[in-house]
Amino acid sequence: MPDLCLYFEAHQPNRLKPYSFFDIGNNPFYEDDALNREVVEKVSEKCYLPANAMFRELAAEHGGRFKMALSLSGVLIEQLEHHRPDVLASFVELHDTGCVELLCETYYHSLCFRASGAEFRRQVELQRAKIREVFGAEPKVFRHTELVYFNELAAFVEGLGFEGMLAEGVDRILGGRSPNHLYRSPNVGALKTLTRNCRLSDDLAFRFADSGWSEHPLTPEKFAGWCAGEEGQVVNLFMDYETIGEHQWRDSGIFEFWRGFPAAALASGCRFVTPSEAVAGHDAAGEYDCHEITTWADASKDLSPWKANPMQFEAKKKILSLEKAVLAQGDPELLHQWSKMQTSDHFYYMSTKGGDDGAVHEYFRPYPSAYDAYLYFMNSLSDLQVRLRRLDGGRGAAARPAGVDALNYRPARRD
Amino acid sequence: MKRPNVLMLGWEFPPLINGGLGIACLGLGRAMAAHSDLTFFLPKTDPDFAVGNVELLGFNHLDPPATSVGQGEVDLRRFASVETIPADLLPYVEPGEPAELRRESTATATGPPPPAGLAAFGPDDLAPFQSDTLYGDDVGEKVYRYARVAAGLAESREFELVHAHDWMTFPAGIEIKRRTGRPLVLHVHSLAYDRAGPDARGWVYDIERAAMEEADLVIPVSRYTGTICTGHYGIDPGKVHFVHNGAEPVRAYRSEKPFPEKMVLFLGRLTGQKGPEFFLEIAAKVLEGNRDVRFVMAGTGERLKELIEAGAFRDVGDRLHFTGFLNKDKVNHLLSMTDVYCMPSVSEPFGLSAVEAAQFDIPAVISKQSGVAEVLTHARMADYWDVDLMASHINELLTDPAAHAAAVEASLEDQRNCTWDAAAGRIVDLYRAELGVC
């Protein structure tokens, strides 16, 4: 009987305001503070607070037998510090039960690895420091934005000191093998890869509330039975934390499901493990040779939600191309502002996909269309360019202060 | 000399509809009032808006007649036989117009053909003029109702000639000429050829052509458009006489750009006629050699999305900006910051916006396929497709301050000839010379 490994991702981006051409050069504030606050408030009430309370109780009920993993993006932690410190405190309390392992990711929930290893490393170190500061924890397992995974990245992440990394269990890479094993990319030393069981994960993340689904309504007992019936070392159930109460509303019965699931799973003989326990407790069962970039998103399980049309390509390329110019300024606030524009959601909103995937993009997009998302982003980017040009004005490259070690920059707390 | 008594047939009119056609009719009407006794039949008027010495008769304010007014029956199929509307049904929208016209893509809407009979008008005929828009899917119905009402009213009025503005009022003009025997003058602000391309055929084209054939005098807004009337539509050159539009004086001002780059402006609907794709190509070309420029496309239209994507593909998304629809104040604000105006229209009967830019001391780079090129004779020109030449003109104006200053200076001289008063005087002269009126 396989172990069960639960992992939830909690993240909210800093959405941009409808930033017009007339703002360029006039308005150095790009984010829609009111909207971002509103979303954090809403998701806190519908998901974070009740889910944290529920899992805290489950941890207490089952002693050490119920376990889970969480990752909070740095930008979400910041927003909670600013708008809802009480909610951040409830995450800390949940972690303090000892049943929750915190994973590491890039602070800005970004997709910058290909463009700049240094920038990627900076954001990982920033996140490590934040997790240490807020939770007093040292993550051992890494997950990249949207479960981005490929061999080269796995090797880089191992070099940053991580023991395990999460990935989507992509059929075309697994080649018929089960995702319920630990694997290893061919170019790493010891880093183990946990592959998401997408069928069972998506039962909870997407199909749970669908009354047209043949298995609806899904009970904890039925689902525990499915898990217990799986073969392999560990069943990896990875999903957004917001699926509990936000993407799937309370009246779908999602809270009742999770409240009952640990007992049902334990009763059917399963054991809960955290990602680092799975890594420590099992050998890699085979090679996971992932040359292409895979993610957990859309049907294609690739980068296409963020990088498919010319708008996404251009926006992503141009924001990352400012790295040197921004670092050269030695201004922590400017660096932070630039970094927040790397958050993957900005590019997700620019997707012009149709069909079922397109409907999901539509659901999350705070603007009328992908084109608006692109225009607001590019106008903001243009302002950033203008500011950099002004800051540079007259002094010339030679007079610039040498770029200080990027890792020494910490975004100032906003409170 | 006696003042001619003129019945004008208009469609758009400020302040309700501020499209290019409406602006031109208002400017012309004001100036004509000094030379003639003038009545305007309009589908919609605002009762609080008066133009000195001009009678504005809005069909939206007519009391429904107790009995049918006027007589006669005419078959519109006589000159309009096609069953779809191929033309852009919002042909005159410019940035700076009210919301009712601000619709993205009605370019190829099809609608029912106009009903066949043009009988005396009754209460039903007035209903369409209560709606908010003058275009839309039932534009054919509105054009037909307008003709019935206008012809019915004209029968009981005194006037010496009827002067109709663009195809929406041409059926009314023909019918009035038929019933009253007064000479018909057609003012051509825009043709299906411009809006929908040289290959466009359909009942709008048919109306334009049939009306111009029946007219006694055709007044296109430029020599350029006159050549389309005579060449493309085959109208007798002997009755085609162009009169350039004028421009209302504006209170121009300059304001500081909030960014260090130069700025090049495109102002117009994002639709094939205005050549927005060429503007994009020109922008990409200029930016290849000079990154210190921002290009701005102000306006909206059915090409917006593809233009945005094309700009991203050409890697100029941080230098080519789309503002969407803008009101007049915002347009003026843009003009006040602009260094060069670019109008690469594929076919532009006049192109008032280039004159408006000149009023803001902005040198223009315009397509040879525009009427305004005949007025702004000192402006830099190129064929609309000659992206290289357009780009080199722009580069010169952006990088050579002396050339920029000289271009502004020269355009001041061009503007002096561009008044509505001059246009009105020439029109009245044409009435006399061509129609023998007065």
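Computed from a predicted model, the values in this text were never measured in an experiment.

Check the secondary structure of chain B and you find 14 helices and 12 strands. When burial is assessed residue by residue, chain B has 55% of its 438 residues classed as buried. If you take every contact in chain B between residues at least 6 apart in sequence, the share linking residues at least 24 apart comes to 72%.

Secondary structure summary: chain A contains 17 helices and 12 strands in total. Compactness check: chain A gives a C-alpha radius of gyration of 21 Å against a globular reference of 22 Å for 415 residues, within 12% of the reference. Dimensions along the principal axes, computed over C-alpha positions, put chain A at roughly 70 × 45 × 40 Å. Each of the 415 residues in chain A was classed as buried or not, and the buried ones make up 50%.

Let us now look at the packing of helix H2 (residues 74–83) of chain A against helix H3 (residues 85–96) of chain A. Residues and elements named next belong to chain A. One way to put it is that H2 packs onto H3 with a least axis distance of 6 Å and a crossing angle of 125 degrees. One finds that H2 runs oblique with respect to H3. Contacts between H2 and H3 pair Ile77, Leu80 and Glu81 from the former with Pro85, Val87 and Leu88 from the latter. For the contact of H2 with H3, the per-class residue count stands at five nonpolar, no polar and one charged.

Residue and element names in this part refer to chain A. Read from one edge to the other, the open sheet built from five strands follows the order E4-E5-E7-E6-E12, with strand pairing classed as mixed. Edge positions in the open sheet fall to strand E4 (141–142) and strand E12 (286–287), since each of these has one partner strand only. Of the pairings in the sheet, the one linking E4 to strand E5 (residues 164–168) comprises two bridges and is parallel in character. For Val141, the partnering residue across the bridge sits in E5 and is Gly164.

The next thing to look at is the domain arrangement of chain A. Residues and elements named next belong to chain A. Entries for chain A in the domain assignment read domain 1 (3–287) and domain 2 (310–392). Placing a centre on the C-alpha atoms of domain 1 and another on those of domain 2 gives a separation of 24 Å. Each partner contributes to the interface: domain 1 provides 26 residues, whereas domain 2 provides 18 residues. Here the side of domain 1 that touches domain 2 is composed, by residue class, of 14 nonpolar, eight polar and four charged.

Our focus in this paragraph is the confidence of the model for chain B. Reading predicted coordinates in detail is not appropriate for stretches of low pLDDT. Residues and elements named next belong to chain B. Model confidence for chain B is summarised by a mean pLDDT of 88, while 87% of its residues fall at 70 or above. Between residues 81–117, whose pLDDT stays under 50, and residues either more than four places distant or in other chains, the model counts 105 contacts. Overall fold confidence for the complex sits at a pTM of 0.88, while the interface term, ipTM, reaches 0.88.

We now examine the sheet that holds strand E9 (residues 320–324) of chain B. Residues and elements named next belong to chain B. As summarised here, the arrangement of the six strands in space is E9-E8-E7-E10-E11-E12, forming an open sheet in which the pairing is parallel. The sheet terminates laterally at E9 and strand E12 (380–382), the two strands that pair on one side only. Across the sheet, the mean angle separating the axes of adjacent strands is 20 degrees when strand polarity is ignored. Pairing of strand E7 (residues 262–267) with strand E10 (residues 340–343), which is carried by two bridges, proceeds in the parallel orientation. Looking across to E10, one finds that Val264 is bridged to Val340. With respect to the sheet, helix H8 (residues 276–289) is in contact with E7, strand E8 (293–298), E9 and E10, its orientation differing from that of E8 by roughly 170 degrees. Each of E7, E8, E10, strand E11 (364–367) and E12 touches helix H12 (residues 387–399); the most contacted strand, E10, lies at about 170 degrees to it.

Contact residues are listed per partner, giving 20 residues for chain A and 15 residues for chain B. Mapped onto the side of chain A that touches chain B, the elements with two or more residues apiece are helix H11 (310–320) and helix H16 (370–392) of chain A. Sorting elements by how many residues they give to the side of chain A that touches chain B places H16(A) first, with 10 residues. Residues that form the side of chain A that touches chain B fall into these classes: 10 nonpolar, seven polar and three charged.

A separate point is unusual backbone geometry. Across the junction of His216(A) and Pro217(A), the peptide omega takes the value -5 degrees, indicating a cis bond. Note on placement: Pro217(A) falls in the loop between helix H7 (198–207) and helix H8 (220–228). Phi is positive for Glu146(A), close to 55 degrees, though the residue is something other than glycine. Structurally, Glu146(A) is set in the loop between E4 and helix H5 (151–159). You can call Glu146(A) buried: it has 24 C-beta atoms within 10 Å. Even without being glycine, Asp315(B) reaches a positive phi, approximately 65 degrees. Position of Asp315(B) relative to the elements: it lies in the loop between helix H9 (304–313) and E9. When the 16 C-beta atoms within 10 Å are taken as the criterion, Asp315(B) is described as partly exposed.

On to helix H14 (residues 420–435) of chain B, then. Residues and elements named next belong to chain B. Look at H14: 21 Å from first C-alpha to last across 16 residues, which is about the 22 Å you get at 1.5 Å a residue. Listed in full, the buried residues belonging to H14 are Trp420, Ala423, Ala424, Ile427, Val428 and Tyr431. End-on view of H14: buried residues confined to an arc of 135 degrees, all on one side of the axis. For H14, the exposed residues set more than 90 degrees away from the buried face come down to Arg432 and Ala433. Following H14 by one or two positions, Gly436 adopts a phi angle in the positive range, close to 70 degrees.

The next thing to look at is H2(A). Residues and elements named next belong to chain A. Of all the 10 residues making up H2, eight are buried; the element is thus mostly covered by neighbouring parts of the structure. Those residues of H2 lying buried are Gly74, Val75, Leu76, Ile77, Glu78, Gln79, Leu80 and His83. In this fold, the buried residues of H2 make contact with strand E1 (3–10), helix H1 (33–61), strand E2 (68–72), H3, helix H4 (117–135) and helix H13 (332–340).

Right, let's talk about the pairing of strand E1 (residues 5–9) of chain B for a bit. Residues and elements named next belong to chain B. A large share of E1 lies buried, amounting to four of its five residues. Note on the crossover from E1 through helix H1 (residues 20–32) to strand E2 (residues 37–42): the handedness is right-handed. Alignment of E1 against strand E4 (residues 161–165), held across four bridges, turns out to be parallel. What sits directly across from Met8, in E4, is His163.

Considering the arrangement of structural elements, one finds Ala406(B) in helix H13 (residues 401–416). A tally of 14 C-beta atoms within 10 Å means that Ala406(B) is categorised as partly exposed.

Residue and element names in this part refer to chain A. Where H8 meets helix H9 (residues 254–267), the axes come as close as 8 Å, and the angle between the chain directions of the two elements is 45 degrees. In this view, H8 runs oblique relative to H9, as classed from their interaxial angle. As for how H8 packs across H9, the hand of that crossing is right-handed. The segment H8 lies against H9, with Pro220, Glu221, Phe223, Ala224 and Cys227 engaging Phe257, Gly260, Phe261, Ala264 and Ala265. Its residues placed into classes, the contact of H8 with H9 shows eight nonpolar, one polar and one charged.

Residue and element names in this part refer to chain A. Within the fold, Ala370 resides in helix H16. Accessibility expressed as a C-beta count within 10 Å gives 24 for Ala370, which makes it buried. When near neighbours in sequence (up to four residues on either side) are disregarded, Ala370 contacts Met311, Tyr349, Met350, Ser351 and Thr352.

Before going further, it helps to spend a moment on the nonpolar core. Counting 256 residues, the largest nonpolar core has Tyr374(A), Ala150(B), Leu186(B), Cys342(B), Ala364(B) and Ile394(B) as the members making the most contacts within it. In this structure, Tyr374(A) is in contact with Met311(A), Ala315(A), Met350(A), Ile308(B) and Ala312(B), ignoring residues within four places of it in sequence.

Quick look at the pairing of E2(B) now. All names here are of chain B. By the criterion of burial, E2 is predominantly enclosed, with five of the six residues buried. Here E1 pairs with E2 via five bridges, running parallel. Bridge assignment links Asn5 to a residue of E2, and that residue is Asp37.

Analysis parameters
- Residues numbered from 1 in each chain as written.
- Chains lettered and ligands numbered in written order.
- Predicted model: local features only at pLDDT ≥ 70, side-chain atom pairs only at ≥ 80, totals over all residues.
- Helix = DSSP H or I, 4+ residues; strand = E, 2+ residues; numbered from the N terminus.
- Buried ≥ 20, exposed ≤ 12 C-beta atoms within 10 Å, placed from the backbone.
- Contact = placed C-beta atoms within 7 Å.
- Rg over C-alpha atoms; globule rule 2.2 N^0.38 Å.
- Axes fitted to C-alpha atoms, helices over the stretch in contact; angles between N-to-C directions.
- Parallel < 35°, antiparallel > 145°, perpendicular 65-115°, else oblique.
- Nonpolar A, V, L, I, M, F, W, Y, C, P; charged D, E, K, R; others polar.
- Pairing = 2+ DSSP bridges.
- Domains from an automatic or database assignment.
- pLDDT = per-residue confidence, 0-100.
- Expected span 1.5 Å × (residues − 1).
- Arc of directions from axis to C-beta.
- Right-handed = clockwise from strand over helix to strand, strands pointing away.
- Left-handed = near helix turned anticlockwise from the far one by under 90°.
- Core = buried A, V, L, I, M, F, W, Y, C linked by C-beta atoms within 7 Å.

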